[in-house]
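# Results of the structural survey
Residue-level listing of the chains:
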Amino acid sequence: MDLFEIRGGTLDVIAEEAEHQDLSRDSTIMADREARPPRGVSTFQRFSVGTNESLHFEPCEDSLPSPTPPEDELDDDNVFREGETEGEIVTVRNRLQGKVAEMENFAGHLEEIFLTVEENFGRQEQHLEQHYNDVLLTLSQRYDERAAGLEEEKKGKLEALYKQLLACGRAMDASKELIETAQKVYRSQDKRLFLKAVMPTIKRIEDFAKEEVELTLSTSLEFNTPLSDMSDVKTMMDSINVVPAPSAPVINPQMPNSASQTSLRVCWSLFSDDTVEYYELYYRPVLEDTPADSSCAPPVSKVKVKETHCTVADLLPNAQYELWVTATNTTGISPASEKALYMTVPSPPVIKQRECTSCPEAALIRWESGNTNPVDSYTVELSEMGTDATENAITESIVAVPTCQCVIQLQTGRRYLISVRAVNIGGPSDRSEVITVSTTGTLFYLLEETAHSCLSISEDGFTIFYGDEELPISAMALDDNNTFSRCVAVLGDLIPVRGRHYWEVEVDDGTEFRIGVASEDMERNSYLGANNTSWCMRHILTPSRHKFEFLHGGCSPDLRITVNPVRVGVALDYERGTLSFFNVDLEQHLHTFHCNFPKYVQPCFGLDNPGALTVHNGIEAPEYAFI
Amino acid sequence: MSLTQVSSNKCAGGFQKVFEHESTELRCKMKFAVYLPPKAETGRCPVLYWLSGLTCTEQNFITKAGSQVLAAEHGIIIVAPDTSPRGCNIEGEDESWDFGTGAGFYVDATEDPWKKNYRMYSYITEELPKLINSNFPSDPDRMSVSGHSMGGHGALICALKNPGKYKTVSAFAPICNPVQSPWGQKAFSGYLGSDRDTWQAYDATVLAASYSGPPLDVLIDQGRDDQFLSANQLLPDNLIAVCSEKKIPVVFRLQPGYDHSYFFIYSFMSDHIKHHAKFLNA
């Protein structure tokens, strides 16, 4: 079973995918003509990804591909029509990319299964070998025992017989001796000796004759062969035929979109013919810094299930868990499966309302991850609000957003509902709270972290106050590189889009203000308009009159304005390179700076004497603002 | 009222023409220049009346001011009349360059021998518009006025004396307070007599103080190095003070390095035409 063959071969089309075949085949043909897909395989595979057809990535050069090819589609003659085919190529390419990733995942899983099956069989082989080895060992042990026993017996019998033999020999010798003695006595010429010796000798012969001669064998000639007890060998042999303990199951990798914030759906399978009574699933969280000694390791939880799947609940969001499973039957418990790592889905992000900005063509959304640990990416979803303020289905998703912010291209003069999801291997989180974005005019909040310490900002974030009280010196200590230290000013968080932006500032006759724009990198210890990185309209109050300056690089044209504006309109046009100021109430043009603004600029607001001003934005620019 | 075309040159996609006619107010033949933008071929266009300054004719503006490209872009007809009646043979009319020929001061003279011909105010405000509206594709409801120096004075007084007639007004180095300036005093005493009260009817600063009418939006450019400014002929401060008090919206720009010439006018003409376009094309 060569994995590379699997990879190179064609996977079967699953019935449910067949309906997509016709639609996609055309695109596939197109794709083949225009851009070869990475492998020559069919683009269908077992694990389908629930992606939205209108996928697109960060706003970029690619145009949005249309979800389905138009009905009057391919005249092959015009296959090389630029826009359409490009869009289709992009769709197909994205789909292919997704499916290639899925296939690789699948191939990896197959590899694991292959290895596990190999292992399982290996173990079964081993098990068998061992079993039989055990049996053989036992048998040979028995044999040795029996042989030794027989040997012993033989020795014993031989010894006994030998003893007997010796005894017989001795007896014979004794008899012989006696007889010889008797004969000697009998033959003795000496009658007196004879008479002396004859009676004891006759006695001895009588005694000897009375002696029973033991003529029976001391031992039997038969060997004792007890029945050998082979029952244990029998059980061992029997047990070979008995159902073995199961082999290790194979735990599946995590299926996309199967997890929730607090639960995981785990699946596994058994790649052998084992009978299984139940499974036990073990799991424990994987901690960031696992100490070397296992004494502090998190506790392992266990669930007993009969099916080959289980939903584990009460888990932490955006957390990685290690899971393994064992199978048990009457014989015993299988070895544990490989450990699989699963992740729960993250918690939903939290959109930071005050850090979102918009303009007629786009919106910049910023959010907090909502998770302590990193997630893989974010998905931004938006839907356009209908005129009757009903919510339409999600019209667009932007996936694979790597950071906690996203610039979205939008249509002018509409209202959108935007939400964000955090995504990790486990799948997407729930939707964050929705934020409403209106593409009428330009909307921004003030960057409070840039505000001079004497400046306080109203709760709604649009009015600034320069109070008359002396600030304690300790407050100055809070200043950092980002706050204005001399000019009592604050910057606005304008969306970095090089289009047209318009906002208004409400002041009163007595307010000495500086209103305009500044580069993001303007020196914070400088005054607005006094450097080359800011442009502003300045109102100065002298004892006798009102003076207006339009400052840049410390210089201003010499102007007289007869009616003091109390509502100043500011119009920034990046493309034309203009920054214009208007008296909104009179629709009167006051002055225009011409500069090509190489860097992004931000609205700036400063007060030169105690007073207040209010920023109004999200207003559609009046016609005269961008003539 | 018949018109005779004197010249026609294609310019910036439109036509710069000069016409002559017999003026009823001025009782003499008068020339005026008309620029017709490309848009005039297909529809009615608003009209900007340009009043030139001392010693000018209808030629100076159309050859030196660089107005045609912007006029074409915004679709505005520009009418530039002469600065006084010509060939009337009035005694003393050619004695000075700042009184008589080429120095009509846009008043209706009441003194002899000027009162018969020197009726530039009525010519500009009555006869000329009627003539233009009957002979050219102009929109009679949309007109505005501008000028330089003496013409600036003329533009300001026409606008202030005719609330609502002109959609807007602008000026280059205008004589803001003729009653206080040597030029004005010379001209007014000649044309209007010694009763200074009669002069006030033609003084922008005075008129501003009593202006009541639709809101104006005035743009004034003044060269800082203008010799006549330093000679106290122009007196813009007086006008600004009055307008500040009376809340008449004025944006007055002092342009460093610029003098009284057409080079100065040329440099800021586009700003003025854009200013007029805002109101004429609204």
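Everything numeric here is computed off the predicted structure, so don't read it as measured data.

### Looking at the overall build of chain A
Scanning chain A from N- to C-terminus turns up six helices and 30 strands. When the 627 residues of chain A are sorted by exposure, 40% land in the buried category. A separation of at least 24 residues holds for 70% of the contacts in chain A among residues at least 6 apart in sequence. Carbon and sulfur atoms provide 53% of the accessible area of chain A, an area that totals close to 35,400 Å².

### Focus: the sheet that holds strand β30 (residues 611-616) of chain A
Residue and element names in this part refer to chain A. Sheet architecture is open: seven strands sit in the order β18-β19-β30-β21-β26-β27-β28, paired in antiparallel fashion. Lying at the two open borders of the sheet, with one neighbouring strand each, are β18 (455-457) and β28 (588-594). Going from strand to strand, the sheet's axes swing by 20° on average, the running direction of each strand aside. Sheet topology note: the strand β26 (residues 567-573)/strand β27 (residues 578-583) ladder contains six bridges and is antiparallel. The residue bridging Val568 from the neighbouring strand is Asn583, located in β27.

### Details of a negative patch on the surface
Residues and elements named next belong to chain A. Taken together, the side chains of Glu111, Glu112, Glu118, Glu119 and Glu338 present a region of like negative charge at the surface. Considering the arrangement of structural elements, one finds Glu119 in helix α3 (residues 82-187). Take Glu119: its relative accessible area is 48%, and that puts it in the partly exposed class.

### A word on the environment of His153(B)
Residue and element names in this part refer to chain B. Of note, His153 is situated in helix α4 (residues 150-161). Along the sequence, His153 and Ser170 sit 17 residues apart, while their C-alpha atoms lie 10.0 Å from each other. Discounting chain neighbours no more than four positions away, the residues touching His153 are Phe105, Pro174, Ile175, Pro178, Phe188 and Tyr202.

### Section: the interface of chain B and chain A
Opposite the 14 residues of chain B that make contact, chain A presents 13 residues. Here chain B packs against chain A, burying approximately 1,400 Å² in sum over the two surfaces, 58% of which is carbon and sulfur. Looking only at chain B, the three residues that lose the most surface to chain A are Pro249(B), Val251(B) and Lys278(B), adding up to 35% of its buried area. Taken together, chain B and chain A are joined by one salt bridge. Here Arg224(B) ties to Asp558(A) by a salt bridge, and the two come within 3.2 Å at their closest N and O atoms. Applying the counting criterion to the chain B and chain A interface returns seven residue pairs in polar contact (both at pLDDT 80 or more). Elements with a contribution of two residues or more to the side of chain B that touches chain A: α9 (236-246) and β9 (250-255) of chain B. Residue contributions to the side of chain B that touches chain A peak at five residues, all from β9(B). In the sheet, strand β25 (residues 558-561) of chain A pairs with β9(B) via four bridges, with the strands oriented antiparallel. Its bridge partner being in β9(B), Asp558(A) is matched across the sheet by Leu254(B).

### Things to note about helix α4 (residues 191-210) of chain A
Note: α-helices contain 3.6 residues per turn, so residues at a spacing of three or four share the same orientation. Between the first and last C-alpha of α4(A) there are 27 Å, a value that for 20 residues agrees with the 28 Å anticipated at 1.5 Å per step. The largest bend along α4(A) reaches roughly 35° and is located at Val198(A), with the proline Pro200(A) sitting one to four residues downstream.

### Brief notes about the pattern of salt bridges
All names here are of chain A. One pass over the structure, following the stated rule, counts 30 salt bridges over all chains. Between Glu322 and Arg284 there is a salt bridge, and its shortest N-O distance comes to 3.0 Å. Taken together, the positions of Glu322 in strand β6 (residues 320-328) and Arg284 in strand β3 (residues 278-285) put the pair 38 residues apart, joining distant regions of the chain. The class of Glu322 is buried, set by a relative accessible area of 18%. Look at Arg284 and you get partly exposed, because its relative accessible area is 22%. Taken together, the shared-partner salt bridges in this structure form one network comprising Arg514, Arg538, Lys547, Glu549 and Asp608.

### Here's the deal with the nonpolar core
Core analysis: the biggest nonpolar cluster contains 97 residues, and Phe32(B), Phe105(B) and Tyr191(B) have the highest contact counts within it. No other element matches helix α10 (residues 262-280) of chain B, which puts eight residues into this core. Not counting chain neighbours up to four residues away, the residues in contact with Phe105(B) comprise Leu54(B), Asp98(B), Met150(B), His153(B), Ile175(B), Trp183(B), Gly184(B), Ala187(B), Phe188(B) and Tyr191(B). With 40 residues, the next largest nonpolar core counts Phe444(A), Leu494(A), Ile561(A) and Leu607(A) among its residues.

### Some details on the UniProt feature "active site" (unreviewed entry) in chain B
Residue and element names in this part refer to chain B. Using the residue numbers shown here, the UniProt feature "active site" (unreviewed entry) corresponds to Ser149, Asp226 and His260. In summary, the annotated positions, though distributed over 112 residues, converge in three dimensions, the widest C-alpha pair being only 10.9 Å. On the secondary structure map, Ser149 appears in the loop between β6 (138-148) and α4. By relative accessible area, which is 3% here, Ser149 ends up buried. Residues contacting Ser149, with those up to four places away along its chain left out, are Gly53, Phe172, Ala173, Pro174, Ile175, Trp183 and His260. Here His260 is to be found in the loop between β9 and α10. Filtering out sequence-adjacent residues up to four positions away, His260 remains in contact with His148, Ser149, Ala173, Asp226, Phe228 and Leu234.

### Topic: the sheet that holds strand β23 (residues 534-541) of chain A
All names here are of chain A. Read across the sheet, six strands follow the order β17-β20-β29-β22-β23-β24 without closing on themselves; strand pairing throughout is antiparallel. The sheet is open, and its two borders are formed by β17 (446-447) and β24 (546-552), each paired with just one other strand. Both strand β20 (residues 489-492) and strand β29 (residues 601-607) contribute to a ladder of three bridges, which runs antiparallel. From the neighbouring strand, Leu491 faces β29, where its bridge partner is Cys604.

### A few points about the packing of aromatic side chains
For the coordinates displayed, the defined rule picks out 31 aromatic pairs over all chains. The interplanar angle of 65° and the centroid separation of 5.6 Å between the aromatic rings of Trp268(A) and Tyr279(A) together place this pair among those described as edge-to-face. You can see Trp268(A) sitting in strand β2 (residues 264-269) and its partner Tyr279(A) sitting in strand β3, a full 11 residues away along the chain. What makes Trp268(A) buried here is its relative accessible area of 2%. Their ring planes at 80° and their centres at 5.9 Å tell us that Phe172(B) and Phe264(B) sit as a pair that is edge-to-face. With Phe172(B) in strand β7 (residues 169-172) and Phe264(B) in helix α10, the pair connects residues that are 92 residues apart, well separated along the chain. No difference in accessibility class separates Phe172(B) from Phe264(B), as the two residues are buried. For the cation-ring pair, Lys17(B) lies above Phe15(B), with the distance from its terminal atom to the ring centre recorded as 5.2 Å. The lysine or arginine in question, Lys161(B), covers the ring of Tyr121(B), its NZ or CZ lying 5.2 Å from the ring centre.

### Observations regarding helix α3 (residues 120-135) of chain B
A bend of about 35° at Glu127(B) is the largest found in α3(B), and the proline Pro129(B) appears one to four places after it. Listed in full, the buried residues belonging to α3(B) are Met120(B), Tyr121(B), Ser122(B), Tyr123(B), Ile124(B), Thr125(B), Glu127(B), Leu128(B), Pro129(B), Leu131(B) and Ile132(B).

Calculation rules
Residues numbered from 1 in each chain as written. Chains lettered and ligands numbered in written order. Predicted model: local features only at pLDDT ≥ 70, side-chain atom pairs only at ≥ 80, totals over all residues. Heavy atoms only, no water. Helix = DSSP H or I, 4+ residues; strand = E, 2+ residues; numbered from the N terminus. Buried < 20%, exposed > 50% of the residue type's maximum accessible area, 1.4 Å probe, protein only. Contact = heavy atoms within 4.5 Å. Areas by Shrake-Rupley, 256 points an atom, 1.4 Å probe, with all protein chains shown as cover. Pairing = 2+ DSSP bridges. Axes fitted to C-alpha atoms, helices over the stretch in contact; angles between N-to-C directions. Patch = residues over 30% accessible without salt bridge, like charges linked within 9 Å, V, L, I, M, F, W, Y side chains within 5 Å. Salt bridge = Lys/Arg side-chain N within 4 Å of Asp/Glu carboxyl O. Lys, Arg positive; Asp, Glu negative; His and termini not counted. Charge placed at Lys NZ, Arg CZ, Asp CG, Glu CD. Buried area = accessible area lost by both parts, 1.4 Å probe. Polar contact = N/O pair within 3.5 Å; in protein donor to acceptor, adjacent residues only side chain to side chain. Expected span 1.5 Å × (residues − 1). Bend = angle between axes of the 7 residues up to and from the residue. Core = buried A, V, L, I, M, F, W, Y, C linked by side-chain atoms within 4.5 Å. UniProt positions renumbered as here; feature names shortened; annotations may be inferred. Phe/Tyr/Trp six-rings, centres within 6.5 Å; stacked < 30°, edge-to-face > 60°. Lys NZ or Arg CZ within 6 Å of the ring centre and 35° of its normal.

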